[in-house]
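# Per-entry structural report
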Amino acid sequence: MDILSVPTTPFEGQKPGTSGLRKKVKVFQQPHYLENFVQAVFDVIDGLDDLPLAGAALALGGDGRFFNRTAIQTILRMAAANGVGRMVVGQGGLLSTPAASCVIRKHGLKGGLILSASHNPGGPDEDFGIKYNIRNGGPAPEAVTNAIHARTLEIESYRTLEAEAVDLDRLGTQTLGGMTVEVIDPVADYAALMESLFDFDAMRAALAQGRRVVFDAMHAITGPYAREILENRLGAPAGSVLNATPLEDFGGHHPDPNLAHAKELVAIMNRPDAPDLGAASDGDGDRNMILGPKAFVTPSDSLAVLAANAPLAPGYAKGIAGIARSMPTSRAADRVAEALGVPCFETPTGWKFFGTLLDAGKATLCGEESFGTGSDHVREKDGLWAVLFWLNILARRPGESVGDLLAAHWARFGRDVYARHDYEGLDSAAAQGLMDALKARLPGLPGQTIGGFTVAQADDFAYTDPVDGSTASGQGLRVMFKGGARMVFRLSGTGTSGATLRVYLERYEADPEAQRGDAQDLLADLIQAARELADIPGRTGRAAPDVIT
Ligand code: G16
């Protein structure tokens, strides 16, 4: 097969965001668009981690959204033309993000390409995405993504070959040019890893004795994983996994596991006969939402509860070395870390910032307010892992509900009452203007009183990685108040149109009587103060947020 060198010219804007390059499908469908980016990845990773691209083995798979199969065939041809030795591909082109991380690590691969726009909608008019994960199984760090972007700006040609499409549905080995394509069961390695971490016997027994779980796969990637693990291996009744078939457009829904988008699940969990545990995952399987009967566990609280109960899971029986959380995540985990006598690291938003801490053994559990929780078992956040961890805890604490666990946790550590308000689809200039104006005011804020809250400290969050010394600045505006309340303002790095303003609000409540109640009510004064401080209505024209989580 002849290798072709196809002339091309750069596209503007091929800069990976919080997690890879995410654009509308129509953008990716432009001639050469995907190819340019993939060639830039191949050029940059040649020699990365002291491994040449020639002869290397890479993982490849995606969340099954529209354009997944087309993109996989394109990437396979380009990989063969670039001298890659072996591509390990999930059957049907499917691999959840945590499973891809697992495959890279377990098979000792150089890295992998993951095709997903995560929780963003899918379909011909919706979103697609691609990212590169490195040898440790985690997202490429900023030095690598910046290099990829720089390369896209100077690219003049890409390599590919003309060949028949690979049969992505046939397990086993095929060849493409000089390259081996190995189509693997996308679930097997991941399911085995889960069995090594959690008490499957206890969970099986609990389910047999009447504990019930419902998992909403949202017509996204985790359906096959959840069916295999929850129904086949743990014995949950058939039908415990809802919306289990991955669809290219996620059934027209937004595959984002939160109270706004997982409405079917929320309705089930509000019924009088609700199961003990309700959970959902997102498009590519790395996010999770945890619910109990009439109870919602914020992702920040979930991290803290898992950390406090970690020894109940065999994989964490020896205890944890440390916790890491992103800056906008509440400080609930910090309190657990302090009680355990282990460090708690505060990183910028983005799972990629946890990689060095996990590799160095400084952190065992990590979490983000954006419905992400995970551990050192892979180098991505892991939705189903979090669900199994909760099920493991429920199995080992019989008689206690999710709500009981949460109340007991707050009684011991206090409650970090928390909410995130998202203003979506804003005019980009207006959103940037709001941030710039607030940033300019930060130095003068300490000592001022806003809506009854007195500012103790205000800054633009910057981070120095304690392992490799790399730095990141401009990671969100923080306003901290006397008494422990906090607001954070940030622009999302994962959207594909306009800008999304995220406002993160929290305050600490130690009194068990005052801890009960809805977070929005408990935070009402702080919410109002944030709107005034940043002049959200004036600058965005929005009277209320689009999504509250
Ligand atoms: C990605 C990153 C997460 C990050 C989230 C939110 O999640 O992997 O680490 O917290 O985006 O980012 P933003 O607030 O910038 O939109 P996912 O699930 O989209 O891959």
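Residues numbered from 1 in each chain as written. Predicted model: local features only at pLDDT ≥ 70, side-chain atom pairs only at ≥ 80, totals over all residues. Heavy atoms only, no water.

For clarity, the threshold we go by: UniProt positions are given in the numbering used here, feature names are shortened, and annotations may be inferred rather than shown by experiment.
Going by what an unreviewed UniProt entry lists, the protein is known as phosphoglucomutase (alpha-D-glucose-1,6-bisphosphate-dependent) and is assigned to Roseospirillum parvum. Turning to the protein, the UniProt annotation filed under Cofactor (unreviewed entry) states: "Mg(2+)". Listed under Catalytic activity (unreviewed entry) in UniProt, the entry text for the protein is "alpha-D-glucose 1-phosphate = alpha-D-glucose 6-phosphate".

### Topic: the site of the ligand
Note the cut-off: We call a residue near a molecule or strand when any one of its heavy atoms sits within 4 Å of it. Residues adjacent in sequence count toward polar contacts only when both atoms are side-chain atoms; beyond that, a polar contact is any pair of N or O atoms within 3.5 Å, and within protein one must be able to donate a hydrogen and the other to accept it. For accessible areas, the Shrake-Rupley method is used with a probe of radius 1.4 Å. Any residue's cover is judged against the shown protein chains and nothing else.
Surrounding the ligand, one finds 19 residues, the nearest of these being E368, R490, G493, T494 and R502. Contact between the ligand and G350: an oxygen atom at 3.5 Å from a main-chain N or O atom of the residue. Separating an oxygen atom of the ligand from a side-chain N or O atom of K381 is a distance of 2.9 Å. Contact with the protein chains removes 99% of the 460 Å² of surface that the ligand exposes when unbound.

### Section: the packing of aromatic side chains
Spelled out, the test is: Any two rings among Phe, Tyr and Trp, with Trp reduced to its six-membered ring, count as a pair given centres within 6.5 Å; such a pair is stacked if its planes are under 30 degrees apart, edge-to-face if over 60, and tilted if neither. In our convention, an over-ring charge means Lys NZ or Arg CZ found within 6 Å of a ring centre and within 35 degrees of that ring's normal.
One pass over the structure, following the stated rule, counts 15 aromatic pairs. Three or more aromatic residues joined by ring pairs form one cluster here, namely F11, F28, Y33, F67 and F128. A cation over a ring is seen here: R335 above Y508, with NZ or CZ 3.8 Å from the ring centre.

### So, the nonpolar core
This is how it is decided: By convention a nonpolar core is built from buried Ala, Val, Leu, Ile, Met, Phe, Trp, Tyr and Cys residues, the set being connected through side-chain atoms within 4.5 Å. Three labels apply to residues, based on accessible area from a 1.4 Å probe with only protein chains included: buried if under 20% of the type maximum, exposed if over 50%, partly exposed otherwise in between. Only runs of H or I of at least four residues qualify as helices and only runs of E of at least two qualify as strands under DSSP, and these elements are numbered from the N terminus. Residue contacts follow a heavy-atom distance rule, with two residues in contact if any of their heavy atoms lie within 4.5 Å.
In terms of nonpolar packing, the biggest core is built from 72 residues, with F198, W385 and F389 touching the most fellow members. Sorting elements by how many residues they give to this core places helix α13 (residues 383-396) first, with 11 residues. When sequence neighbours within four positions are dropped, the list of residues in contact with F389 reads F198, L306, N309, A310, A313, Y316 and L365.

### Concerning the sheet that holds strand β5 (residues 111-115)
In plain terms, the rule: The criterion for strand pairing is that DSSP finds at least two bridges linking the strands in question. Axis definition: a line fitted to C-alpha atoms, over the contacting stretch in the case of helices. Angles run 0 to 180 degrees between N-to-C directions.
Read from one edge to the other, the open sheet built from seven strands follows the order β2-β6-β5-β3-β4-β9-β8, with strand pairing classed as mixed. One side of each edge strand has no neighbouring strand; the edge strands of this open sheet are β2 (21-24) and β8 (172-176). Each adjacent strand pair in this sheet contributes to an overall mean axis angle of 20 degrees, direction not counted. Bridge count for strand β3 (residues 57-62) against β5 is five bridges, and the pairing is parallel. The residue of β5 that forms the bridge with G62 is L115.

### Quick notes on the sheet that holds strand β19 (residues 415-426)
Spatial strand order, β20-β21-β24-β25-β26-β19-β27: seven strands in an open sheet with antiparallel pairing. Strands with a single pairing partner mark the edges of an open sheet, and in this sheet they are β20 (449-450) and β27 (547-548). As paired elements, β20 and strand β21 (residues 453-460) share two bridges and run antiparallel to each other. For I450, the partnering residue across the bridge sits in β21 and is F453. Running at roughly 45 degrees to strand β25 (residues 486-491), helix α18 (residues 524-533) makes contact with β19, β20, β21, β24 (477-481), β25 and β26 (499-509) of the sheet.

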